[in-house]
Amino acid sequence: MTACPICRDSDTLPMLSLKHQPVYQHPVADPGMIAPPYFKNLGFEFCRTCSHGFQKDFDLDLLRRIYTQYYYTPRPPGIGTRMQETFMAAITQNFHLDFDRCRMLEIGCSSGEVLVRMGQHYRDVECVGFEPSRVSAQKARALGITVVENFFSAQSTASIDQPFDLIFHRHVIEHVADPEDFFAVHNRVCHDYSILVVETPCLDEVAATVSLAPFHIEHIHLFSIKSLSTLLARYGWFLKGCKRTDAQNMITWFDRKGPAIPVQGISGTPDFSEWIRQNQMRIDKAVENRKLALWGAGSGGIKIVNHFGLTPEVIIDSNPLKKGMGFPGFKKLTIAYAPDWLDKELAHSRSWLILIASTYYQEIQAQLDALGWQGEVISPYQVTDPQPGGSI
C-alpha cells in the first residue's frame, strides 16, 4: 500500500487509473519547440482514513517546467469570471477585515485580477502576489501588483519582514508536491489574527457527482473537506467555514483560534471510469453526421479530446490570445477565436455539434443562446444532478 501524504496512514486504495494522458494541459505558440514526453500514465489513490485523493507517482521537475514556462495563457478582463465572482462573494460576505491597513498575500496570483478586485473592495490595502509563471507575473505587474516571480517557499519568502493579515490562494494547493512544507512557510508570514482562505477542487463533490474534471497530470492532490482540515490543523490553522460551489470546488477559510468545526469524511469513491463510458456513448451519438467543434482550449478540452479519441474540425476559445496556438503531441488541432468563428458559422449552425469542454459551460451556453445558435450543444462537465452544496 502507498502511504497517504496528508495523514501518513497506509489504508489507501486505487481510485482511478488513466492511460496515455496529455502532459501539457494548455496550448503554446509553437508546439514543435517542446520536447517529449507528451503523454504519461496516471494513477490516483484514495486514503480511507482522511478521505484524501492523490497522484501516486509524479514528475516534479516536469511539473515545475510546465508552471514556469508553459502554463496557461492569461485571459483578457471579463472572460471566464464566474468562479472569480463566487470567490469574491465568499470573501466579502464572510469577512470584515478589521485592520488599520490590511496586508494581503495571494499565492499563485496568476495575472492579478483577483488581487486588483480585492484592493478595490477594501479601502486601505497592500497587495502582494507570488507567481512562478513569468508571463502571468508580467501581466500582474502591469496592473500595479507587487509580484514575487517565484514559487512560494522558505527561500523565496526570506525577505518578507512583515506578516500578512489575509493570505489566500485559488487552485494552488492541488498542484503542490509537498503541502507540509507549503503550509509551514505560511506560518512564517502570518500573525495570530491572520485569516487564510483556500479554494480547491472538492473531492466530496467530485465523488458525489462522479466527475473526471479534476483528474489530470497537474493535480497531485484532490482534497476532501476532511483532508484539508486535517492538514491545516497540524499547522495551527483551524477550519471555520466551507462553501461548496456549483463548479465542484470548495472555498474554505481558517483562522489561528481553535477548535476547527467538525467535518465528515467520504465513505468511499465511485467508479470514475463510468464517466468516460457514459459520455463516450453520448458523444458518439451526438456527433453522428455532424461536424465537431470543441469549445475550450485548456485542460478540460485536451482531456476530452484524449479520453474519447476525438479529432474536432476546430477548437474554439473565448481568449483571443490563444488563436493559432496548438497542443504538444496533437498535430491536427487548431485553435480559433470563438466570436469570429461563431459569426462565420452561425448560418450553418445545424450542421455542427459544439462540445463544451470547459467548467465555464454556463457562461458559454448563455453566449450561444443569446446568439441564436441552433446546432446541438453538449457539455460533458455539466453536473446534471448537482448535490446539495451550500456552506458549513
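Keep in mind that what you see is a predicted model, and the values were worked out from it rather than measured. (Residues numbered from 1 in each chain as written. Predicted model: local features only at pLDDT ≥ 70, side-chain atom pairs only at ≥ 80, totals over all residues. Heavy atoms only, no water.)

A.B. asks: Honestly, the packing of helix α8 (residues 273-287) against helix α9 (residues 299-308) in this entry has me stumped. Any pointers?
C.D. replies: To describe two helices that pack against each other, one gives the angle between their axes and the distance between the axes. Direction vectors running N to C along α8 and α9 enclose 85°, while the axes themselves pass 10 Å from each other. Between α8 and α9, the interaxial angle falls into the category roughly perpendicular. On α9, the residues that touch Trp-275, Ile-276, Asn-279, Gln-280 and Ile-283 of α8 are Ile-304, His-307 and Phe-308. The residue inventory of the contact of α8 with α9, partitioned by class, reads five nonpolar, three polar and no charged. (Axes fitted to C-alpha atoms, helices over the stretch in contact; angles between N-to-C directions. Helix = DSSP H or I, 4+ residues; strand = E, 2+ residues; numbered from the N terminus. Parallel < 35°, antiparallel > 145°, perpendicular 65-115°, else oblique. Contact = heavy atoms within 4.5 Å. Nonpolar A, V, L, I, M, F, W, Y, C, P; charged D, E, K, R; others polar.)

A.B. asks: Mind showing me how you'd approach the nonpolar core here?
C.D. replies: A general feature of soluble globular proteins is that nonpolar side chains tend to end up buried together. Counting residues in each nonpolar core, the largest one holds 49 residues, and the members touching the most others are Phe-215, Ile-304 and Leu-355. Among the elements of the structure, β1 (12-22), β2 (39-47), α1 (60-69), α6 (203-209), α8, β12 (291-295), α9 and β15 (352-356) are those that each provide at least two residues to this core. Every residue in contact with Ile-304, bar those within four places of it in the chain, is listed here: Trp-275, Leu-294, Leu-310, Leu-355, Ala-357, Pro-380 and Tyr-381. In terms of nonpolar packing, the next biggest core, distinct from the first, is built from 35 residues, Ile-107, Ile-173, Val-198 and Met-250 among them. (Core = buried A, V, L, I, M, F, W, Y, C linked by side-chain atoms within 4.5 Å. Buried < 20%, exposed > 50% of the residue type's maximum accessible area, 1.4 Å probe, protein only.)

A.B. asks: Which parts of the structure should I look at to understand the packing of aromatic side chains?
C.D. replies: A full pass over the atoms with the stated rule returns 11 aromatic pairs. An angle of 80° between the planes, with centres 4.8 Å apart, marks the rings of Trp-341 and Trp-352 as edge-to-face. Highlighted residues: Trp-341 in helix α10 (residues 338-345) and Trp-352 in strand β15, separated in sequence by 11 residues. Considered together, Trp-341 and Trp-352 belong to a single accessibility category, that of buried residues. Among the aromatic residues, ring-to-ring pairing joins Phe-130, Phe-152, Phe-182 and Phe-183 into one connected group. (Phe/Tyr/Trp six-rings, centres within 6.5 Å; stacked < 30°, edge-to-face > 60°.)

A.B. asks: Could you clarify how one ought to interpret empty space enclosed by the protein in this entry?
C.D. replies: The gaps of empty space that remain are located by a probe, the size of a water molecule, rolled over the atoms. Counted under the stated rule, the structure contains two cavities of 30 Å³ or more. For the second largest cavity, the calculated volume is near 30 Å³. Lining the second largest cavity are Arg-82, Met-83, Thr-86, Glu-199, Thr-245, Asp-246, Ala-247 and Asn-249. The biggest single contributor to the lining of the second largest cavity is helix α2 (residues 82-94), with three residues. (1 Å grid on protein atoms, 1.4 Å probe; cavity = no way out; pocket = protein on both sides within 12 Å on 5 of 7 lines; lining within 4 Å. Points joined across faces, edges and corners; volume = space filled by probe spheres on them.)

A.B. asks: Just to check I follow, could you spell out the pattern of salt bridges for this structure?
C.D. replies: Close approach of charged atoms lets side chains of opposite charge pair. Under the definition given, this model contains 13 salt bridges. The partner of Arg-141 in a salt bridge is Glu-149, and the shortest N-O contact between them spans 3.3 Å. Of the charged contacts, one joins Glu-376 and Arg-290 as a salt bridge, the two residues approaching to 3.2 Å between their closest N and O atoms. Of the two residues, Glu-376 sits in strand β16 (residues 376-378) while Arg-290 sits in the loop between α8 and β12, which places them 86 residues apart along the sequence. Arg-290 sits in the partly exposed class, given a relative accessible area of 31%. What you see here is one network of salt bridges that share partners, running through Arg-8, Glu-180 and Arg-234. (Salt bridge = Lys/Arg side-chain N within 4 Å of Asp/Glu carboxyl O.)

A.B. asks: It is not clear to me how the pairing of strand β8 (residues 195-201) should be interpreted in this structure. Could you clarify?
C.D. replies: Remember that side chains alternate between the two faces of the sheet whenever the strand is regular. Of all seven residues in β8, seven are buried, a share of seventy percent or more. For strand β7 (residues 166-170) and β8, the ladder comprises five bridges, and the chain directions are parallel. Pairing of Arg-170 across the sheet is with Glu-199, part of β8. Considered for its hand, the β-α-β crossover made up of β7, helix α5 (residues 179-186) and β8 is right-handed. In the sheet, β8 pairs with strand β11 (residues 249-255) via six bridges, with the strands oriented antiparallel. From the neighbouring strand, Leu-196 faces β11, where its bridge partner is Phe-254. (Pairing = 2+ DSSP bridges. Right-handed = clockwise from strand over helix to strand, strands pointing away.)

In short, the description is geometric, and any link to function would need to be established separately.
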